[in-house]
Amino acid sequence: MSLITFAASPLVITPTVRSFTFSPPHHRSNHTVMSAVRSESTSTCSVLTKFQKDCATPTPFLRDVANAIADDMQAGLAVHGGGDLEMILTYVDALPSGKEEGLFYALDLGGTNFRVRSVQLGGEEERVVATKSEQLSIPQKLMIGTSEELFGFIASKLSDFVAEKEPGRFRLEQGRKREIGFTFSFPVNQTSIDSGTLIKWTKGFNVSGMEGKNVVACLNEAMEAHGLDMRVSALVNDGVGTLAGARYWDKDVMAGVILGTGTNACYVEQKDAIPKLQNKSSSGTTIINTEWGGFSKCLPRTIFDQEMDKESLNPGEHLYEKMISGMYLGEIVRRILLHMCEAGELFGQSVPVKLSTPFTLKSQDLCKMQEDNTDDLSSVGSILYNIFEVKADLKARRRVVEVCDTVVKRGGRLAGAGIVAILERIERETKRLASGQRTVVAMDGALYEKYPQYRQYMQDALVELLGDELASHVQIKHTKDVSGLGAALLAATNSIY
Ligand code: BGC
């Protein structure tokens, strides 16, 4: 029986642009140093065996993780700060109905890129009449600069986009502003549908003085300074945008999950099951942004995870995210490889200098290595050579692939446990799965999209924990880039005009 169905998605692996040659460069000595002292007693094999043991996630263990996430969800719904998961009230009570009409904009900020989009909505019959979008990268220095610099840059690009892409026939009615849905993919303490203060940065952002500030006010001010007649009508997380955008096309969508650079899950909750909701008489549903990346209990953290966390921009925070999301998988692998070199002889006698540079190994590299089907693992060899300038023999290449697999398996399975916690929470209130109703999880993020092994491990965990029968009604649907549409739709639903 086919269990969880995975909607067809283009499994495109970005082609490598690194060239490869095995002939050693002339000046290797500049790049490779001999380590001073190395204990020969610990072999790379025993390091690997211990690492695999420490990372193991057998089914009963995953069950405990799913239960612990569920407990933290409940605690976070009961009282603000009750558990690791923020369980943020998003003020999104009405999901798109399909009747939305008009021209709306969306801005998506959450990683090294930001995206602007315009969406012309034509109501129930015509749905999305036209959409235009543009993706721009955020210069690294703005990710750690000031809020004025960051929002000024975004507003100026948004202003260019409107000037270039707005349909010539569009006329802004007098006294009105254009409306935009702002997808801001960081933990925000939402105070209304169109305001919220930043709780903390994640994913390598560290713009000074922003924590506790209203992010919508920052954007509105910058837009005004650029003479842009536009207002933020909805502030949404990317998980919420994904859920809303996917729900527009499919009424069975109950959750939005992001597995990309960072990770998160948002889902439809019954209002009367949220004790911390001020208005106790509320009925109906609302969207909860779990911020599950903050989960920290009973995780199989190794010394490598701990050291990476300690040196991160947000030590002690988002520990689950640091084990399952795309930003960190390569870095964990790099750390264990470095340890193997120092403890044994992974790449010969020397410890390559480049292996000591943080974040040089990306999750795409792990994926390419795991996809290598050649007998001599030639692409593994070339990737290692291109990134670290090491010549790895077959034994070493095999070992590296095993390390990648261990980290990716742990990440995928832990992500699966998280999804099960969300599904079981929805099930508790709705009994959808038990009654045979299809339940869809809208999924976005490059890690999920581009890493087949990760997806498979995640799927295995889902089936193991849910059981065949319930799992057969779950669909994980890859809904690429739908959060912009979701944000524009929520701007329409919450239009002030
Ligand atoms: C942020 C979330 C976001 C997720 C995916 C995490 O680091 O805390 O708000 O939804 O990344 O982008």
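Quick caveat: nothing in here was measured; it's all calculated off a predicted structure.

(A) Examining the UniProt feature "domain: Hexokinase N-terminal" (unreviewed entry) in the chain more closely. With numbering matched to this structure, UniProt assigns "domain: Hexokinase N-terminal" (unreviewed entry) to residues 48-248. Overall, residues 48-248 shows 38% helix and 27% strand. The separation of its end C-alpha atoms is 47 Å.

(B) Main features of the pairing of strand β9 (residues 195-198). With 4 bridges connecting them, strand β8 (residues 188-192) and β9 associate as antiparallel partners. Opposite N189, over in β9, you have T197 as the bridge partner. From the end of β8 to the start of β9, which pair antiparallel, there are 2 residues.

(C) Region of the structure containing the state of the cysteines. This structure, assessed with the given rule, holds 0 disulfides. Just so you know, C45 is unpaired, no disulfide at all, and the nearest cysteine sulfur is the one on C341, 15 Å from it.

(D) View of the sheet that holds strand β5 (residues 113-122). Ordered in space as β6-β5-β4-β7-β10, the 5 strands form an open sheet in which the pairing is mixed. Strand pairing shows two members of the sheet lacking a second neighbour, β6 (128-137) and β10 (230-236), which therefore form its edges. Strand-to-strand twist of the sheet, defined as the mean angle between neighbouring strand axes without regard to direction, takes the value 20°. Pairing of β5 with β6, which is carried by 9 bridges, proceeds in the antiparallel orientation. Residue V119 lies in a different strand from β6, and its bridge partner there is T131.

(E) Main features of a negative patch on the surface. On the surface, a cluster of negative charge is made up of E101, E124, E125 and E126. Assignment of secondary structure puts E101 in strand β4 (residues 101-109). A residue is classified by how much of its surface remains accessible, and E101, at 58% relative accessible area, is exposed.

(F) Summary view of the pairing of β4. Counting buried residues along β4, 7 of its 9 residues qualify, which places the element largely inside the surrounding structure. Across 9 bridges, the pairing between β4 and β5 is antiparallel. Bridged to L107 within β5 is V116. By the bridge criterion, 5 bridges tie β4 to strand β7 (residues 178-184) in an arrangement that is parallel.

(G) The arrangement of the packing of helix α11 (residues 326-343) against helix α14 (residues 394-430) in detail. Here α11 crosses α14 at 140°, and the two axes come no closer than 10 Å. When the axes of α11 and α14 are compared, the pair comes out oblique. The crossing of α11 and α14 is right-handed. Counted together, L329, I332, V333, I336, L337 and M340 of α11 and R399, V400, V403, C404, V407, V408 and R410 of α14 form the full contact between these two elements. Here the residues of the contact of α11 with α14 sort into 11 nonpolar, no polar and 2 charged.

(H) Local environment of the pattern of salt bridges. This model, assessed by the stated rule, comprises 28 salt bridges. For E134, the salt bridge is made with K165, and the minimal N-O distance between the two is 3.3 Å. A residue pair is termed long-range when its members are at least 10 positions apart, and E134 in strand β6 and K165 in helix α6 (residues 147-165) qualify at 31 residues. Its relative accessible area of 25% is what places K165 among the partly exposed residues.

(I) Quick peek at the packing of helix α2 (residues 44-55) against α14. Packing of α2 against α14 leaves a shortest axis separation of 10 Å and a crossing angle of 10°. Looking at the two axes, α2 sits roughly parallel to α14. In this structure, α2 uses T44, C45, L48, F51, Q52 and C55 to contact α14, whose residues at the interface are R399, E402, V403, T406, V407 and R410. In the contact of α2 with α14, the residues fall into 6 nonpolar, 3 polar and 3 charged.

(J) Here's a closer look at the environment of Y454. Of note, Y454 is situated in helix α16 (residues 452-466). The exposure class assigned to Y454 is buried, which follows from its relative accessible area of 0%. Y454 sits 323 residues away from T131 along the chain, and the two C-alpha atoms are 32 Å apart. Contacts of Y454, omitting those with residues within four sequence positions, involve L259, I324, L329, V408, G411, G412, A415 and L447.

(K) Quick look at the site of the ligand. The environment of the ligand is formed by 14 residues, the closest being T202, N237, D238, E291 and E321. With respect to the ligand, the side chain of T202 contributes an N or O atom lying 2.7 Å from an oxygen atom. Here an oxygen atom of the ligand and a side-chain polar atom of K203 are 2.8 Å apart. Contact with the protein chains covers 98% of the free accessible surface of the ligand, which is 310 Å².

Quick notes on the rules
Residues numbered from 1 in each chain as written. Predicted model: local features only at pLDDT ≥ 70, side-chain atom pairs only at ≥ 80, totals over all residues. Heavy atoms only, no water. UniProt positions renumbered as here; feature names shortened; annotations may be inferred. Helix = DSSP H or I, 4+ residues; strand = E, 2+ residues; numbered from the N terminus. Pairing = 2+ DSSP bridges. Disulfide = S-S within 2.5 Å. Axes fitted to C-alpha atoms, helices over the stretch in contact; angles between N-to-C directions. Patch = residues over 30% accessible without salt bridge, like charges linked within 9 Å, V, L, I, M, F, W, Y side chains within 5 Å. Areas by Shrake-Rupley, 256 points an atom, 1.4 Å probe, with all protein chains shown as cover. Salt bridge = Lys/Arg side-chain N within 4 Å of Asp/Glu carboxyl O. Lys, Arg positive; Asp, Glu negative; His and termini not counted. Charge placed at Lys NZ, Arg CZ, Asp CG, Glu CD. Buried < 20%, exposed > 50% of the residue type's maximum accessible area, 1.4 Å probe, protein only. Parallel < 35°, antiparallel > 145°, perpendicular 65-115°, else oblique. Left-handed = near helix turned anticlockwise from the far one by under 90°. Contact = heavy atoms within 4.5 Å. Nonpolar A, V, L, I, M, F, W, Y, C, P; charged D, E, K, R; others polar. Near = heavy atom within 4 Å. Polar contact = N/O pair within 3.5 Å; in protein donor to acceptor, adjacent residues only side chain to side chain.

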